[in-house]
Amino acid sequence: MAKKRALRRAPAGAEPGAEASAEASPARTPKAKSKKKPAGAEVEVVEEAAGEGIDTGIAVITSVLLLAACLFTDALLGMFGTGMFFR
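It should be emphasised that the depicted structure is a prediction, and the values quoted were computed from it without experimental measurement.

Counting its regular elements, the protein contains one helix and zero strands. Looking at the protein residue by residue over its 87 residues, the buried ones come to 3%. As displayed, the protein offers around 9400 Å² of accessible surface, 61% of which is attributable to carbon and sulfur atoms.

Structure representation (structure tokens):
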């Protein structure tokens, strides 16, 4: 008795008449496996030194300039008699 070979259908997008072999790759690919971190990799947390930073300096300078601008504007309005502090 002669053995019959089973033929598979060609995948979509393949040339017409082309047949997939029995050793063709499966339709779906295997999922990637996650890698574990090495046991010796540890992270050291370092805290910042206490003290005044640039953020505090910017806030102080901005506040002083805003106060000076308000007083200067009031002094200019005081020349016309409409200032709050300078009349």
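Don't stop here, the text continues.
What follows covers a nonpolar patch on the surface. A cluster of nonpolar side chains, Leu 67, Leu 71, Met 84, Phe 85 and Phe 86, forms an exposed patch at the surface whose accessible area comes to about 580 Å². Structurally, the position occupied by Phe 85 is in the segment after α1 (54-78).

By secondary structure assignment, the location of Asp 74 is in helix α1. Within the buried set, Asp 74 has no salt-bridge partner at all; the shortest N-O distance to an opposite charge, 7.2 Å, is to Arg 87. At a separation of 2.5 Å, a polar atom in the side chain of Asp 74 contacts the main-chain amide nitrogen of Met 84. Apart from the residues lying within four places of it in its own chain, the contact partners of Asp 74 are Gly 83, Met 84, Phe 85 and Phe 86.

Reading the values: the criteria
Numbering of residues begins from 1 in every chain and follows the order in which that chain's sequence is written. In keeping with the model being predicted, local features are shown solely for residues with a pLDDT of at least 70 and side-chain atom pairs are shown and tallied solely at 80 or more, while totals for entire chains, interfaces and linings include all residues. In computing side-chain properties, one takes all heavy atoms of the structure into account and sets aside hydrogens as well as water. Only runs of H or I of at least four residues qualify as helices and only runs of E of at least two qualify as strands under DSSP, and these elements are numbered from the N terminus. In this scheme, a residue with accessible area under 20% of its type's maximum is buried, one over 50% is exposed, and one in between is partly exposed, where area comes from a 1.4 Å probe on protein chains only. Every accessible area reported is derived by Shrake-Rupley at a probe size of 1.4 Å, with residue values counting cover from the shown protein chains alone. The patches described consist of residues with a relative accessible area above 30% and no salt bridge, like charges being joined within 9 Å and nonpolar side chains (Val, Leu, Ile, Met, Phe, Trp, Tyr) within 5 Å. The working definition used for a salt bridge is a side-chain nitrogen of Lys or Arg within 4 Å of a carboxyl oxygen of Asp or Glu. In this charge count, Lys and Arg are treated as positive and Asp and Glu as negative; neither His nor the chain ends contribute. In protein, a polar contact requires one atom able to donate a hydrogen and another able to accept it; more generally it is a pair of N or O atoms within 3.5 Å, and residues adjacent in sequence count only if both atoms are side-chain atoms. Residue contacts are defined here by distance: any two heavy atoms, one from each residue, within 4.5 Å place the two residues in contact.

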